[in-house]
Amino acid sequence: MVLRPLLGVAFAFGLASSAAGQSTAELTAQLAKSATVDDAMVGDDGAKSETYRTYERWRDRATIAELQDFTRHQSPVVRCYAVRALVELEANVDWPAILQGFLRDTAGVRTFRGCCLADEKVGDVVFDEVRPRLGDEQVLDVAEALIRGRSPLYAREWALRNLRLRDGMLHVVRDLARAGDAPAGIALARYHLSVDVPVLVDLLCGDEPFDENAQFLAAAEHADPRLLKPLLQLEAAATRRLQHDHPSRLRFWLQAIAAQQSEPAGAFLARFLGATHPDNDFAEGDLLATMADTLKPYGDVTAFAAVRAELARRQAARQQQGERRRR
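Colleague: How do you make sense of the overall build of the protein chain when you look at a structure like this?
Modeller: Across its full length, the protein chain holds 19 helices and three strands. Its C-alpha atoms give the protein chain a radius of gyration of 26 Å, more than 25% over the compact-globule value 20 Å for 327 residues. Taking the principal axes of its C-alpha atoms as reference, the protein chain extends roughly 80 × 65 × 35 Å. Buried positions account for 47% of the 327 residues belonging to the protein chain. Accessible surface for the protein chain amounts to roughly 17,200 Å². Of this, 52% is attributable to carbon and sulfur atoms. For the protein chain, the centre of its 41 positive side-chain charges and the centre of its 46 negative side-chain charges are spaced 3 Å apart.

Below, the structure is given as structure tokens:
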């Protein structure tokens, strides 16, 4: 009767010993067959996957020199894990040089983070891993290479959306924005040059303005008074959007208007809120929450007194309705 449990323990011990004894080559081949690049905690239970456990053994067995070689492996999964291992081991390597080798790595890979599966490009996965290891100037160097080289990676768009680029990039960014590159418009707006306002106006004139947010982020960043008119001219498109989408979809547009901090902007927001009455409670709550978030940075701006009053009135009415339903 005791034999079966003992056999089970022996079998499990044998599997563990076998795994521990795998060579770097065997572990590399195993990783290369993996369908995903996994984080340490994945799935509903937040546990380590078998792929991640294989990665840990591989990371701890390989040398730094081997891991550097693996950044050029034919398997996209192995390349991603090789960079992660170098980062986690805090390897003393030339990080900008490693990252430069991935700026055009568009091979597809599936990542598994928490409960989320996503299809990404290897270069983007590596960029996210390495970026915290770079200094500010090194990040700008990489950003310039991505933008000048018109890299197909999302990392290029991230740079345009998030970085204040060097002055030497102005003409490059301006040309991209003139050609209709909305994220480039955000980077252009950060220079705050009056001459570029017409470019930002053009970006606001797309056929489906609420499918994107970059043109509104650019308008909010620059906040030139000349941008208010084209923003307000999108009211009809915004109203149409509300017929089949959540009010929060309009938040970037509303934020760009509020960034003007002017009497005309405040008057429009008050009128728009007063005229917009969603046909269900969820949408009404979403609209009010979106407008509250829009006004939050401008608590002392008197131009928004009317819209704040309308918002408070609607919030109080909604609260009263909720209390009546609960009785």
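Colleague: Is there a simple way to think about helix α17 (residues 263-275) in this case?
Modeller: Given 3.6 residues per helical turn, the α-helix brings residues three or four places apart onto the same face. Taking 1.5 Å per residue as the helical rise, α17 with its 13 residues ought to reach 18 Å, and the 18 Å between its terminal C-alpha atoms agrees with that figure. Residues of α17 that are buried include every one of Ala-265, Gly-266, Phe-268, Leu-269, Ala-270, Phe-272 and Leu-273, and no others. The inward-facing, buried residues of α17 abut α14 (228-232), α15 (235-242), α16 (251-258), α18 (281-295) and α19 (305-326).

Colleague: Got a minute to help me understand unusual backbone geometry in this structure?
Modeller: Trans peptide bonds make up the majority, and among non-glycine residues the majority have a negative phi. Even without being glycine, Arg-150 reaches a positive phi, approximately 50°. Inspection of the secondary structure assignment puts Arg-150 in the loop between α8 (136-148) and α9 (154-162). Backbone geometry places Ala-223, a non-glycine residue, at a positive phi of 55°. Here Ala-223 falls in the partly exposed class, since its relative accessible area comes to 23%.

Colleague: Explain the sheet that holds strand β2 (residues 108-114) to me, please; I cannot follow it from the model alone.
Modeller: Strands pair in a sheet through their backbones, by hydrogen bonds, and they do so in one of two ways: parallel or antiparallel. Taking strand neighbours across the sheet as the criterion, the three strands line up as β1-β2-β3 in an open arrangement whose pairing is mixed. Only two strands of the sheet have a single partner each, and these edge strands are β1 (37-42) and β3 (116-121). Within this sheet the neighbouring strands show an average axis-to-axis angle of 15°, counted without direction.

Colleague: I tried to follow the side chain of Arg-174 on my own but got confused; where do I start?
Modeller: Position of Arg-174 relative to the elements: it lies in helix α10 (residues 170-178). If we skip the residues at most four places from it in the chain, Arg-174 touches Leu-188, Leu-193, Val-195 and Asp-196.

Colleague: Looking at this structure, I do not really get the pairing of β3. What am I missing?
Modeller: As a general feature of sheets, a regular strand has side chains that alternate between the two faces. Sheet topology places β2 next to β3; six bridges connect them, and they run antiparallel. Residue pairing for β3: Phe-112 is matched across the bridge by Leu-117. Connecting the antiparallel pair β2 and β3 is a turn made up of one residue.

Colleague: So what exactly am I meant to see when it comes to helix α5 (residues 76-88) here?
Modeller: Along its 13 residues, α5 runs 19 Å from first to last C-alpha, staying within 8% of the 18 Å computed at 1.5 Å per residue. Burial of α5 is extensive: eleven of the 13 residues sit out of reach of the surface. Among all positions of α5, only Val-77, Val-78, Arg-79, Cys-80, Tyr-81, Ala-82, Val-83, Arg-84, Ala-85, Leu-86 and Val-87 are buried. Count one or two residues on from α5 and you reach Glu-90, which has phi positive near 50°.

Colleague: Sorry if this is basic, but what is going on with the packing of helix α11 (residues 182-189) against helix α13 (residues 214-222) here?
Modeller: To describe two helices that pack against each other, one gives the angle between their axes and the distance between the axes. Taken N-terminus to C-terminus, the directions of α11 and α13 make an angle of 10°; their axes are 8 Å apart at the nearest point. By the angle class used here, α11 and α13 are roughly parallel. Seen from α11, the contacting residues are Ala-182, Pro-183, Gly-185, Ile-186 and Ala-189; seen from α13, they are Ala-214, Gln-215, Leu-217, Ala-218, Glu-221 and His-222. Classifying every residue of the contact of α11 with α13 by side-chain character gives seven nonpolar, three polar and one charged.

Colleague: Looking at this structure, I do not really get the pattern of salt bridges. What am I missing?
Modeller: Where charged atoms from two side chains of opposite charge come close, those side chains can pair. Within this structure, the stated rule accounts for 27 salt bridges. Residue Asp-119 pairs with Arg-110 through a salt bridge whose shortest N-O separation is 2.9 Å. Residue Asp-119 is classed as exposed on the basis of its relative accessible area of 60%. A salt bridge links Asp-128 to Arg-131, with the nearest nitrogen and oxygen atoms 3.4 Å apart. Note on Asp-128: relative accessible area 40%, which makes it partly exposed. Because the salt bridges share partners, they merge into one network encompassing Glu-137, Asp-141, Glu-144 and Arg-166.

Colleague: For this particular structure, what's the right way to read the packing of aromatic side chains?
Modeller: Any aromatic ring pair is given by two values, namely how distant the centres are and how the planes are angled relative to each other. Going through the model one piece at a time under the given rule, you end up with eleven aromatic pairs. Here the aromatic rings of Tyr-55 and Trp-58 are separated by 6.3 Å at their centres, their planes lie at 45°, and the arrangement is tilted. Remark: Trp-58 and Tyr-55 occur in helix α3 (residues 50-61); sequence separation between them is three residues, near one turn of the helix. Measuring from centroid to centroid gives 5.8 Å for Trp-253 and Phe-268, while their planes differ by 80°, and the two rings are edge-to-face. Within this pair, whereas Trp-253 is found in helix α16, its partner Phe-268 is found in helix α17, the two being separated by 15 residues in sequence. With respect to class, Trp-253 is no different from Phe-268; both count as buried. Following the ring pairs from residue to residue traces out a cluster consisting of Tyr-52, Tyr-55, Trp-58, Phe-70 and Tyr-81.

Basis of the calculations
Residues numbered from 1 in each chain as written. Predicted model: local features only at pLDDT ≥ 70, side-chain atom pairs only at ≥ 80, totals over all residues. Heavy atoms only, no water. Helix = DSSP H or I, 4+ residues; strand = E, 2+ residues; numbered from the N terminus. Rg over C-alpha atoms; globule rule 2.2 N^0.38 Å. Buried < 20%, exposed > 50% of the residue type's maximum accessible area, 1.4 Å probe, protein only. Areas by Shrake-Rupley, 256 points an atom, 1.4 Å probe, with all protein chains shown as cover. Lys, Arg positive; Asp, Glu negative; His and termini not counted. Charge placed at Lys NZ, Arg CZ, Asp CG, Glu CD. Expected span 1.5 Å × (residues − 1). Contact = heavy atoms within 4.5 Å. Pairing = 2+ DSSP bridges. Axes fitted to C-alpha atoms, helices over the stretch in contact; angles between N-to-C directions. Parallel < 35°, antiparallel > 145°, perpendicular 65-115°, else oblique. Nonpolar A, V, L, I, M, F, W, Y, C, P; charged D, E, K, R; others polar. Salt bridge = Lys/Arg side-chain N within 4 Å of Asp/Glu carboxyl O. Phe/Tyr/Trp six-rings, centres within 6.5 Å; stacked < 30°, edge-to-face > 60°.

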